[in-house]
Amino acid sequence: NFKSYKVKVTTNSLNIRKDAGTNYTIIGKIKDKGTYTIVNEKSGQGATKWLELKSGGYISSDFVMKI
């Protein structure tokens, strides 16, 4: 059972993708270096791990810090 957690974005612009992988469409960007809730993790192309945002979409684990 996955336990959600929070991350802080560490880059100025982070793509939000439709699914886990750089081969999926960009559906948004995070530009505020804010804190976000992660509700799932997946493997996929182009990142160590893909993190599913509570608000929808996936971000790369390589540009966030778990808090």
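Structure shown above.
About the cut-offs
- Residues numbered from 1 in each chain as written.
- Predicted model: local features only at pLDDT ≥ 70, side-chain atom pairs only at ≥ 80, totals over all residues.
- Heavy atoms only, no water.
- Core = buried A, V, L, I, M, F, W, Y, C linked by side-chain atoms within 4.5 Å.
- Buried < 20%, exposed > 50% of the residue type's maximum accessible area, 1.4 Å probe, protein only.
- Helix = DSSP H or I, 4+ residues; strand = E, 2+ residues; numbered from the N terminus.
- Contact = heavy atoms within 4.5 Å.
- Polar contact = N/O pair within 3.5 Å; in protein donor to acceptor, adjacent residues only side chain to side chain.
- Phe/Tyr/Trp six-rings, centres within 6.5 Å; stacked < 30°, edge-to-face > 60°.
- Lys NZ or Arg CZ within 6 Å of the ring centre and 35° of its normal.
- Pairing = 2+ DSSP bridges.

Asker: Explain the nonpolar core to me, using residue names and the numbers behind them.
Answerer: One finds Y5, V7, V9, L14, I16, I30, I38, L51, L53, I59 and V64 forming the largest nonpolar core, which totals eleven residues. For this core, the secondary structure elements donating two or more residues are β1 (5-9), β2 (14-17) and β5 (50-53). If you tally residues by element for this core, the top one is β1, at three residues. The contacts of I38, once residues within four sequence positions are left out, are F2, S4, Y5, V7, L51, E52, L53 and I59.

Asker: Can you break down the environment of V64 residue by residue, with the values?
Answerer: With respect to the helices, strands and loops of the structure, V64 is situated in strand β7 (residues 64-66). For the pair formed by V64 and Y36, sequence separation is 28 residues and the distance between their alpha carbons is 9.5 Å. In this structure, V64 is in contact with V7, K8, V9, T10, L14, L51 and I59, ignoring residues within four places of it in sequence.

Asker: Explain the side chain of T37 to me, using residue names and the numbers behind them.
Answerer: Note that T37 resides in strand β4 (residues 35-42). There is a polar contact of 2.9 Å between the side chain of T37 and the side chain of K6.

Asker: Lay out the packing of aromatic side chains in plain terms, naming residues and giving numbers.
Answerer: In the structure shown here, the tally under the stated rule is one aromatic pair. Residues F2 and Y5 carry aromatic rings whose centres are separated by 6.0 Å and whose planes lie at 45° to one another, so their mutual orientation is tilted. For Y5, a relative accessible area of 14% corresponds to the buried category. A cation over an aromatic ring shows up here: K66 above the ring of Y5, its NZ or CZ 4.2 Å from the ring centre.

Asker: Hey, could you go over the pairing of β4 for me, with residue numbers and the actual values?
Answerer: Both β1 and β4 contribute to a ladder of four bridges, which runs antiparallel. Its bridge partner being in β4, V7 is matched across the sheet by Y36. Sheet analysis places β4 next to β5, joined by four bridges and oriented antiparallel. Looking across to β5, one finds that E41 is bridged to L51.

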